Amino acid sequence: MLRSVHAADAGKVMNPMQCRGQTEGGIAQALGATLFENVRLNDSGEVTTTAFRQYRLPQHADIPRTEAHFVETSDAIGPLGAKSMSESPFNPVAPAFADALRDATGIRFTELPLTRDRVWLALERRAGTAVGRSPGGLRPRWAGCGRCQRAAGSRAARYEGNPVSRFPEARQGRWMSSHARFRRTAAGHTF
Amino acid sequence: MGWEPVRRLPDGSVEIAATCTVADLSRFGRGCGARAAPLFERCCRAFLASFKIWNMATVGGNLCNGLPAGPMISLTAALDGERLLQAQDGSLRRPRVVDFVVGAGLKDLGEGELLRSVTLPARAMASRTAFRQASLYGLGRSGALVIGALDPVDGSLSVTVTAATVRPFRLWFPSPPDARELRNALEGAVGDADWYDAIHGLPAWRRHMAFRLAEEIRRELTTRGDR
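Residues numbered from 1 in each chain as written. Chains lettered and ligands numbered in written order. Predicted model: local features only at pLDDT ≥ 70, side-chain atom pairs only at ≥ 80, totals over all residues. Heavy atoms only, no water.

Caption draft 1: Quick peek at the interface of chain A and chain B. Contacts between chain A and chain B engage 26 residues on the former and 20 residues on the latter. Across the chain A to chain B interface the summed buried area is about 2,000 Å²; carbon plus sulfur atoms make up 60%. Along the contact surface separating chain A from chain B lie zero salt bridges. For the interface between chain A and chain B, the tally reads five residue pairs in polar contact (both at pLDDT 80 or more). Listing elements by their share of the side of chain A that touches chain B, those giving two or more residues are α1 (16-36) and α3 (116-127) of chain A. (Contact = heavy atoms within 4.5 Å. Buried area = accessible area lost by both parts, 1.4 Å probe. Salt bridge = Lys/Arg side-chain N within 4 Å of Asp/Glu carboxyl O. Polar contact = N/O pair within 3.5 Å; in protein donor to acceptor, adjacent residues only side chain to side chain. Helix = DSSP H or I, 4+ residues; strand = E, 2+ residues; numbered from the N terminus.)

The structure is reproduced here in structure tokens:
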């Protein structure tokens, strides 16, 4: 992550410092869900990732600094024109990363987290060099938390097949969204 | 226990007490001046740990957990370390670290046996080393950790693969191999079931990274990278 920028419409912001804190915190939570956290279930439906050793939460050092910008609008219902804020910074993070990956690889990933091994495997499968069907298992026995998010374009969490995009070529170049910006990596990038 | 955390023995070898903390080991590595010394810091930083953990976690604890991602296992196996185990009847044995962890969380540790120390031979401490690590995340929790050591006396090369595998695999070559020889040796040594399948990395990815990192190490440590 080269840069993290977040624009929020919270109407009339009465406490910018607290609102900025919610923004940064929401992004940190979302980065966890997008890049780190993975709940696994066994065949009986029991959670097997029951300790922090198996469930990687982002630490402070994992989180980039975020520029938070507030759009000055007004809400007709909210007190003094304020809107609710709280969870909303969480929402755009996963879609931003998924869009960036789509732009970089041509593959639409429909499952979180977007970890390096999954990206690598998808690229290998598209290249036809992956060995075996699903080494290590990519079946999404994934129970999200209460605020479970779906990446853009995803449907059910059931994924058994090939995530290879229908689009034959990955676009080159930089990609920037309103939230996250990172550069398409060169071919030598280590996943 | 009152054991000295790390000490340099008269023959040049380094004895690390089981109770040596990660912080103590890092401090020693930064000051010891041996050619392999930078490897100490690299392995300490391979932990997913803050200074609080560094001050409490021990080399012996990391070894005795026997987890594939244990960087102290990586360090001591790569430098051909030897463990000192003491049984309850006082008898001692000194097996190699590379033979200590036999599977994910499985150790060659007898009932009631105590890990007293790990000794790194002087020759290994004089080796030129290379370190590579891959993780799903920016920090910590290695998915693959590969260390190469070039012997200063006979020019032999060892490549030790850890974290990607359920136990350490130390490959030794009398002379630095070419890329094909290294690849064949890895393929022959590590079976499909040996690639670690856990939450922190798919086995296929770990395998890919282990091969890639081993080749990078080979290139770095050979005189000419075009062998």
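Alright, that's what it looks like, and here's the rest.
Caption draft 2: Layout of the packing of α1 of chain A against helix α2 (residues 93-105) of chain A. All names here are of chain A. It is the contact of α1 with α2, at a shortest axis distance of 8 Å, that shows an interaxial angle of 45°. Of the possible angle classes, the one that applies to α1 and α2 is oblique. Here α1 runs over α2; the crossing is right-handed. On α2, the residues touching Ile-27, Ala-30, Leu-31, Thr-34 and Leu-35 of α1 are Val-93, Ala-94 and Phe-97. Among the residues making up the contact of α1 with α2, the classes are represented as seven nonpolar, one polar and no charged. (Axes fitted to C-alpha atoms, helices over the stretch in contact; angles between N-to-C directions. Parallel < 35°, antiparallel > 145°, perpendicular 65-115°, else oblique. Left-handed = near helix turned anticlockwise from the far one by under 90°. Nonpolar A, V, L, I, M, F, W, Y, C, P; charged D, E, K, R; others polar.)

Caption draft 3: Region of the structure containing the sheet that holds strand β7 (residues 114-120) of chain B. All names here are of chain B. Read across the open sheet, the five strands follow the order β1-β2-β7-β3-β4; overall the sheet is antiparallel. Either end of the sheet is taken by a strand with one partner, and the two such strands are β1 (6-8) and β4 (92-93). Sitting on the sheet, helix α1 (residues 22-32) touches β1 and β2 (14-17), and the angle it makes with β1 is about 25°. (Pairing = 2+ DSSP bridges.)

Caption draft 4: Quick look at the state of the cysteines. Residues and elements named next belong to chain B. Counted under the stated rule, the structure contains zero disulfides over all chains. Unpaired in this structure, Cys-43 has its nearest cysteine sulfur neighbour in Cys-44, at a distance of 7.3 Å. Under the relative-accessibility criterion, Cys-43 is labelled buried at 0%. (Disulfide = S-S within 2.5 Å. Buried < 20%, exposed > 50% of the residue type's maximum accessible area, 1.4 Å probe, protein only.)

Caption draft 5: Geometry of the packing of aromatic side chains. All names here are of chain B. Inspection of every chain in the model, using the stated rule, returns three aromatic pairs over all chains. With a centroid separation of 5.9 Å and 45° between ring planes, the pair formed by Phe-28 and Phe-40 is classed as tilted. Taken together, the residues Phe-28 in helix α1 and Phe-40 in helix α2 (residues 38-45) connect sequence positions twelve residues apart. Exposure remark for Phe-40: the relative accessible area of 0% places this residue in the buried category. Seen in terms of ring centroids, Trp-195 and Phe-211 are 6.1 Å apart; in terms of plane orientation they differ by 40°. Their pairing is tilted. Linking Trp-195 in the loop between α7 (179-189) and α8 (203-221) with Phe-211 in helix α8, this pair joins segments that are 16 residues apart in sequence. Per residue, the accessibility class of Trp-195 equals that of Phe-211, and both read buried. Positioned over the ring face of Trp-3 is Arg-116, at 4.1 Å from the centre of the ring. (Phe/Tyr/Trp six-rings, centres within 6.5 Å; stacked < 30°, edge-to-face > 60°. Lys NZ or Arg CZ within 6 Å of the ring centre and 35° of its normal.)

Caption draft 6: Structural view of the pairing of strand β3 (residues 82-86) of chain B. Residues and elements named next belong to chain B. Pairing of β3 with β7, which is carried by five bridges, proceeds in the antiparallel orientation. Its bridge partner being in β7, Leu-84 is matched across the sheet by Ser-117. Looking at chain direction, β3 and β4 are connected through two bridges and run antiparallel. Opposite Leu-85, over in β4, you have Arg-93 as the bridge partner. Hairpin connection, β3 to β4: the antiparallel pair is bridged by five residues, and Gly-90 has positive phi, about 90°.

Caption draft 7: Quick look at the confidence of the model for chain A. All names here are of chain A. Per-residue pLDDT for chain A averages 75, and the proportion of residues at 70 or more is 68%. The element-level mean pLDDT for chain A is lowest in strand β3 (residues 175-176), coming to 34, with α2 highest at 96. For residues 132-191, every residue scores under 50 in pLDDT, and the model assigns this stretch 128 contacts once sequence neighbours within four places are set aside. (pLDDT = per-residue confidence, 0-100.)

Caption draft 8: Structural detail: the nonpolar core. Among the nonpolar cores identified, the biggest contains 48 residues, and Phe-109 and Leu-114 of chain A together with Val-146, Val-159, Leu-186 and Trp-205 of chain B are the most heavily contacted of them. Broken down by element, this core gets its largest block of residues, nine residues, from α8 of chain B. When near neighbours in sequence (up to four residues on either side) are disregarded, Val-146 of chain B contacts Ala-130, Phe-131, Arg-132, Val-159, Thr-160, Val-161, Ala-210, Leu-213, Ala-214 and Ile-217 of chain B. Core analysis: the second largest hydrophobic core is formed by 44 residues, Val-14, Ala-37, Ile-147 and Ala-163 of chain B among them. (Core = buried A, V, L, I, M, F, W, Y, C linked by side-chain atoms within 4.5 Å.)

Caption draft 9: Structural view of the pattern of salt bridges. Residues and elements named next belong to chain B. Following the criterion strictly, the structure yields 23 salt bridges over all chains and no others. In this structure, Arg-207 engages Glu-187 in a salt bridge whose closest nitrogen and oxygen atoms are separated by 3.7 Å. Here Glu-187 lies in helix α7 and Arg-207 lies in helix α8, a separation of 20 residues in the sequence. Notably, a salt bridge pairs Glu-215 with Arg-218, separated by 2.9 Å at the nearest N-O pair. Note that Glu-215 and Arg-218 are positioned in helix α8 at a spacing of three residues, about one turn of the helix. We note that Glu-215, like Arg-218, is buried. Three or more residues joined by partner-sharing salt bridges are found here, namely Arg-83, Arg-93, Asp-108 and Glu-113.

Caption draft 10: Quick peek at the sheet that holds strand β11 (residues 169-173) of chain B. Residues and elements named next belong to chain B. Strand order across the open sheet formed by four strands is β8-β9-β10-β11, with antiparallel pairing between neighbours. Strands at the two margins of the open sheet, each flanked by one partner only, are β8 (128-135) and β11. Geometrically, the sheet is characterised by an average inter-axis angle of 10° between neighbouring strands, direction not taken into account. Both β8 and strand β9 (residues 142-150) contribute to a ladder of eight bridges, which runs antiparallel. What sits directly across from Ala-130, in β9, is Gly-148.

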